[in-house]
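Close look at the chain arrangement
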Amino acid sequence: MQAHRRKLPPSDIRPAGGALIWLAVSLVVLATLPGMMSGNFLPKTFWAVFTVGIGLVLLPPLKDVSFRLTLLGAVWLVYLAWALLSLAWAPAFRPGFERWLVLLVLTFAYLLARRTRFWESELFWLALSILITLVSVIGILQYFLPAFPLVNSFPGTAVPRATLGHRNYASMYLMVTFPFVLGYFFRRRGWAAVVPLVALVLSLSFILLARNRGAWVGLLAGLFYLAAAGGGRYVIPRIKRLAILVLPALLTILAVYRVGPPAGAERSFRRKVDLGHTARSLLDPQQRLSFWRPTLGITDPLLGAGFGNFPVVATPLDREGQVKTLNWEVHNDYLQAYVDLGVPGVLIFALFFFLLIRLAWKGRMRVVYLAAGASVVGIAVMQFTTFTSEKVSTQIWLAGVVALLNSLPGEKPVWRINIPAPLGRAGNYLASGGLLLFALAVGYTIRGDLVLRKESLEINKVLQLQQVIDNPDQYSLSVLDYARKELPGSWIKAGIRLNRLADRVIPSMLFDANMRHISLHQLAGMAVRLGHYDAAEELSRRALVLHPADRTSLMFLAEIALRRQDLDRARDLLEEGLRTFGYNPHAPYFGQTLIRLYQHEGRNEEAAMIREKMARSLVAEPASPSPGDREPGVSPDGLILEWADCSAATSYDLFFWKAGEEEPEFPGRAGLRQSRGRPPGRLLPSTTYFWRVRAIGRYGEARGPIWFFRTEESPD
């Protein structure tokens, strides 16, 4: 989709001004606020929506507009329509609608990028190189100087996060911008190439230090695309320039190769001990499957869960009974499109990226289109290992890339209409007004987030006083006397705070259903612990509106009804919980509480039925192996490993390894539907093999003991 302005007189063309406007939008990468739960997503969303809205005001259509809908634009509109339609069958409308609004903002960002034509300005690429350098330096300093206060004031979790909240988000952003800085480096001459060279080396350093394998694969895929699309014709005449780039790049790789995780962050890096170890596990299919397998078979293949609603649908199936947040992801954009929108959704999504790559290939004779192709190929590959929702900086950049590619000369529209200038300007200002109202709503949400964090700290102080009173033997007499003195007044103030948050603050937070739900969920728990049951009931009800599968909030409501002796209400809530979450023996609150209530009412048969179904839901431990444990002389030819069926198991994973090897982290055979399977690979004679079975059911899993056997000697 593109709004194409008719060719303007030279005096009306404003390339520098347009580039500055898109540069202002691109500064979204720096938008963060400490002291918030959502210190990155909300500030970045506000900045993106606000600057796009202002940009449309500053760059209105100057003359009659020829509105052209390309094939790419048509596919995008179909995707938007299908996502919006899916909310008709989604269990929770609000989370999906908010996510859909973000896609609409990206559509307007695309239109603004088309008007700015930022890619024609060398000033923009210089500024982008400086911006990339700044982001990379912040992240590198976070890695090597974890106690340095300035760079570590940026909110987020895993380091190095730079200004994007998480190292994976920052790696994604640097990966998609890398090809453009690379193209700018080869276009510049002399000392003017120093700035992009520094940006390239530092961004590469960050991506390596962050150990994000998805970004590595995406970057390699982009470089492969550059070679396949004829990038050599730009590089070969500038072979000295290539040497200038390759030398520091190789030195960077060698320097980072053995660098361990930063102090205090070893746990967040887990098995990514060093660069070499991480690279060796780059294409481990079992690790990818461990993310994907639990998500399949849950939603309707044709319709999906509804846009943004997969966490709601998946929560009742969680084996540990945990409530999944509304931004819970499946680490794969294509799989996410499938579980949210079914087969139609994933096909439309994949078609959109295919058309983008097709456009890039058509325009590969120009450096900027070549870079755009590498960027799109990189993100298309990386999306197999990550999910781009809430990665606002990357989303905005991709909107600009789509605008660049869809501006390719000669691309024929599938539909065209001429719009008079007054009507075009009216629509433009209407869109910008809507965006500014959206920004205002996000601003109020940011204000509410800050208030929530502040008030939650005060309420937690009251909970600490309550803990002292409840555990007098663990504290000194002076501390106990202080708590007894302060608690009554603080308890009353906490109730006032909870009511204020429920009645005034949270209702003003008009955006980010995920953050609102988490806040309601947590505050309801605080209110229950403090005994403010009216506030707890109201907070729990509002949490369930946003997340109908919030097990904890439903449990709070049932518990409050029992405390008030409202047995009819309690029974209804408990039965609803049992219908929604099933007979989960690992999260047994609804079943066990309903058993006690039924027994109290003399409904013993119904209580016994629930108890029996909960017992049958436990997955039994694998047993009775064949070949038997420690059995010698087993023929390796056509061997089938077997074990007894496990109660409540729906699938089995088989782990298999030779003597002298460590037990593998991932199964050699996964998702077996029967209690039997072939060993992975060819078996050797006179060799001891170990094996173990993991039985998996809806409500948990059971790992069997380690068994082993020895194969017979090879016949002479």
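Above this text you will find the structure in question.
First, a word on scope: everything that follows refers to the structure included in this document. (Residues numbered from 1 in each chain as written. Predicted model: local features only at pLDDT ≥ 70, side-chain atom pairs only at ≥ 80, totals over all residues. Heavy atoms only, no water.)

**Describing the overall build of the chain**
Secondary structure summary: the chain contains 25 helices and eleven strands in total. Expected size for 716 residues packed as a compact globule is a radius of gyration near 27 Å; at 29 Å, the chain falls within 12% of this value. In terms of overall dimensions, the chain has C-alpha extents of about 90 × 85 × 55 Å along its principal axes. Classification of the 716 residues of the chain by burial places 53% in the buried group. Working note: accessible area of the chain is about 32,200 Å², and carbon and sulfur atoms make up 61% of it. Positive and negative side-chain charges of the chain, numbering 78 and 54 respectively, have mean locations separated by a distance of 14 Å. (Helix = DSSP H or I, 4+ residues; strand = E, 2+ residues; numbered from the N terminus. Rg over C-alpha atoms; globule rule 2.2 N^0.38 Å. Buried < 20%, exposed > 50% of the residue type's maximum accessible area, 1.4 Å probe, protein only. Areas by Shrake-Rupley, 256 points an atom, 1.4 Å probe, with all protein chains shown as cover. Lys, Arg positive; Asp, Glu negative; His and termini not counted. Charge placed at Lys NZ, Arg CZ, Asp CG, Glu CD.)

**Focus: the environment of Pro91**
Along the chain, Pro91 turns up in the loop between α3 (71-86) and α4 (93-116). For the pair Pro91 and Gly306, spaced 215 residues apart in the sequence, the C-alpha separation amounts to 7.6 Å. Excluding anything up to four places from it in sequence, Pro91 contacts Ala305, Asn309, Val312, Val313 and Pro548. (Contact = heavy atoms within 4.5 Å.)

**Describing the layout of surface pockets**
The space that makes up the second largest pocket amounts to roughly 820 Å³. Of all the secondary structure elements, the ones that give two or more residues to the lining of the second largest pocket are α6 (167-187), α7 (194-210), α8 (213-228), α9 (232-235), α10 (239-257), α12 (275-280) and α16 (367-382). In terms of residue count, the dominant contributor to the lining of the second largest pocket is α10 (seven residues). Residue composition of the lining of the second largest pocket, by class: 30 nonpolar, three polar and no charged. (1 Å grid on protein atoms, 1.4 Å probe; cavity = no way out; pocket = protein on both sides within 12 Å on 5 of 7 lines; lining within 4 Å. Points joined across faces, edges and corners; volume = space filled by probe spheres on them. Nonpolar A, V, L, I, M, F, W, Y, C, P; charged D, E, K, R; others polar.)

**As for unusual backbone geometry**
Here the amide bond leading from Val159 into Pro160 is cis, since omega sits at -5 degrees, within 30 degrees of zero. In this fold, Pro160 is placed in the loop between α5 (122-144) and α6. The omega torsion across Ser626 and Pro627 is 5 degrees, close enough to zero to call that bond cis. Relative to the elements of secondary structure, Pro627 occurs in the loop between α25 (604-616) and β4 (631-634). Positioned with a positive phi, Asp512 is a non-glycine residue whose angle comes to about 70 degrees. Structurally, the position occupied by Asp512 is in the loop between α19 (477-505) and α20 (513-530).

**Quick word on helix α24 (residues 589-600)**
Helix length check: α24 (twelve residues) gives 16 Å between terminal C-alpha atoms against 16 Å at 1.5 Å per residue, within 8%. Here the buried face of α24 lies against α22 (551-563), α23 (567-581) and α25. With its phi angle positive at about 80 degrees, Gly602 sits one or two positions after the end of α24. (Expected span 1.5 Å × (residues − 1).)

**Describing a nonpolar patch on the surface**
Taken together, Phe50, Ile54, Val57, Leu58 and Tyr429 make up a surface patch of nonpolar side chains, about 400 Å² in accessible area. Tracing the sequence through the fold places Leu58 in helix α2 (residues 41-58). (Patch = residues over 30% accessible without salt bridge, like charges linked within 9 Å, V, L, I, M, F, W, Y side chains within 5 Å. Salt bridge = Lys/Arg side-chain N within 4 Å of Asp/Glu carboxyl O.)

**Focus on α3**
With 16 residues, α3 ought to run about 22 Å at 1.5 Å a step, and its terminal C-alpha atoms sit 23 Å apart, in line with that. Those residues of α3 that sit buried are Leu72, Gly73, Val75, Trp76, Tyr79, Leu80, Trp82, Ala83 and Ser86. Considering only its buried residues, α3 is in contact with β2 (65-69), α4, α15 (333-362) and α17 (392-405).

**Remarks on the pairing of strand β11 (residues 707-711)**
Of the two faces of β11, the one lined by Trp707, Phe709 and Thr711 is fully buried and the one lined by Phe708 and Arg710 carries no buried residue. Judged from the two bridges that link them, β4 and β11 form a sheet pairing that is parallel. Residue pairing for β11: Glu631 is matched across the bridge by Phe709. In the sheet, strand β9 (residues 688-697) pairs with β11 via four bridges, with the strands oriented antiparallel. By the bridge assignment, Trp691 is partnered in β11 with Trp707. (Pairing = 2+ DSSP bridges.)

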